[in-house]
Amino acid sequence: MATAVTILGWVASIGFLALALVGGHFVLATRRISAQAERAVPASGKFLQLGRHRIHYVDEGQGRPILFIHGLGAQLHHFRQPLFPELTDFRLIALDRPGSGYSGRPFGFSGSLTEQAELIARFIAELGLERPLVVGHSLGGAFALALAENHPQAVSGLVLLSPLTHLEDELRPEFRSLYIKSPLKRRLIAETLAIPASLKYAPQTLAFLFSPQQAPKDYGTAGGGFAGLRPSHFYATSADMVAIERDLGAIEARYKELDLPVGVMFGTADRVLDYRLHGEPLAGGIKDLELDLVEGLGHMPQFVEPKRVAALIRRVAARAFAAPADRLAG
């Protein structure tokens, strides 16, 4: 009996040691990849302290302000690289949302749509932006809608690119690896398996995001893609994924309250979000809406059709920045 117990003890010890070695391997791999990612895409903007939040952002140009809000797992380069050169006559501001890119994410921050919208409203006020036009891509579209509903005095209009606007009946297979409810489990995976796996499956991820188009060859650097290969970024992306269901339904129920110009662009070949669920229904719910459906376009219009996106932004900006009397007359 004693011999059996001793053998079991040795087996358990060996198993624990093997597990520790494997875990250590992934921790070291994560740190190496993360360091390389930070060298490839370093912080390139300014930082603003808002309470416990340290927000990384870029602020370029002069003119009427346009604020850009990125989507799930993205960062400010999703706008800076493809769109800023097309809109040089405006003041262009893009921020990394909490935990994404180089913005911090304080402990206890849930990342719900309303909570992030509140933070963005504070960001607008702190920078002294005078009712900017807000451009949101994908999940950033949901944040933009929450901002317009809960802080209507903060914005003049919205442009939504491939936006998330409605709750889906079930979690898509492509997003299941991000849906990690336990913060502890999320942190453990972020520091070990997530980053090596993200690097390994990057080609498949980019194909899913950009299909049927191809990702730009410089997406990793100019598009900021490498910035996502960091534990803090994965943790924030997973937390944002889990938080969507908390208040998207309530936000969706209030679209008819919106009283501002809204432009929406959706590709009919979008594999990430279906325009028939997230785009077309808005036409019956938002009063002042322009819906631009682009045949054969995928989920990333700002990279694939930057001039067409810029033209939509300009059309909505013309209505949004018009004097109240002019808007009523129009």
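Within any chain, residue numbers begin from 1 and follow the written order of that chain's sequence. With pLDDT at 70 or above as the cut-off, local features in this predicted model cover only qualifying residues; side-chain atom pairs require 80 or more to be listed or tallied, and sums for whole chains, interfaces and linings still use all residues. For side-chain calculations, the full set of non-hydrogen atoms in the structure is used, while hydrogens and water are omitted.

So, the overall build of the protein
Tallying secondary structure elements over the protein gives 12 helices and eight strands in all. Looking at the protein as a whole, 49% of its 330 residues are labelled buried. For the protein, restricting intrachain contacts to residue pairs at least 6 apart in sequence, the fraction spanning at least 24 positions comes to 81%. Only the protein chains shown count as cover for residues, and the accessible areas themselves come from Shrake-Rupley with a 1.4 Å probe. Total accessible area on the protein stands at roughly 15,200 Å², and carbon and sulfur atoms take up 59% of it. Every helix listed is a DSSP run of H or I at least four residues long, and every strand listed is a run of E at least two residues long, numbered separately from the N terminus. Buried residues are those whose accessible area, probed at 1.4 Å on protein chains only, stays under 20% of the maximum for their type, while exposed residues exceed 50% and partly exposed ones sit between those limits. Two residues qualify as a contact provided that any one of their heavy atoms is within 4.5 Å of a heavy atom in the partner residue.

Some thoughts on the nonpolar core
The definition of a nonpolar core used throughout is a set of buried Ala, Val, Leu, Ile, Met, Phe, Trp, Tyr and Cys residues joined through side-chain atoms within 4.5 Å. Judged by nonpolar contacts, the single largest core of 58 residues is most densely connected at Phe-123 and Leu-158. Every residue in contact with Phe-123, bar those within four places of it in the chain, is listed here: Leu-48, Leu-50, Ile-55, Tyr-57, Leu-67, Ile-93 and Leu-95. Ranked by size, the runner-up nonpolar core spans 26 residues in total, among them Leu-87, Leu-161, Ile-313 and Val-316.

Considerations on the environment of Gln-81
Locating Gln-81 in the fold gives a position in the loop between helix 2 (77-80) and strand 4 (91-95). On the basis of relative accessibility, which here comes to 28%, the residue Gln-81 falls in the partly exposed class. Considered as a pair, Gln-81 and Thr-221 are 140 residues apart in the sequence and their alpha carbons are 9.7 Å apart. Apart from residues lying up to four places away in sequence, Gln-81 is in contact with Asp-218, Ala-222, Gly-223 and Phe-303.

A short note on the packing of helix 5 (residues 183-191) against helix 8 (residues 231-252)
Think of each axis as a best-fit line through the C-alpha atoms, taken over the contacting stretch in the case of a helix, with angles from 0 to 180 degrees between the N-to-C directions. At a minimum axis separation of 8 Å, helix 5 and helix 8 run at an interaxial angle of 145°. Both helix 5 and helix 8 take part in a crossing whose hand is right-handed. Together, Pro-183, Arg-186, Arg-187, Ile-189, Ala-190 and Glu-191 of helix 5 and Pro-231, Phe-234, Tyr-235, Ser-238, Ala-239 and Val-242 of helix 8 make up the contact between the two elements. We call a crossing left-handed when the near helix sits turned anticlockwise from the far one by less than a right angle, and right-handed when that turn is clockwise.

Quick notes on the sheet that holds strand 8 (residues 289-294)
One open sheet accounts for eight strands, arranged 1-2-4-3-5-6-7-8; its pairing is mixed. The open sheet is flanked by strand 1 (46-50) and strand 8, the only strands paired with a single partner. The average angle at which neighbouring strand axes cross in this sheet is 20°, direction not considered. With four bridges connecting them, strand 3 (residues 65-69) and strand 5 (residues 133-137) associate as parallel partners. What sits directly across from Ile-66, in strand 5, is Leu-133. Here helix 11 (residues 306-320) sits on the sheet and contacts strand 3, strand 5, strand 6 (157-161), strand 7 (262-267) and strand 8; the angle it forms with strand 7, its principal contact strand, is near 165°. Paired strands, as defined in this entry, are two strands with at least two bridges between them according to DSSP.

Any functional reading would require information beyond the geometric quantities listed.
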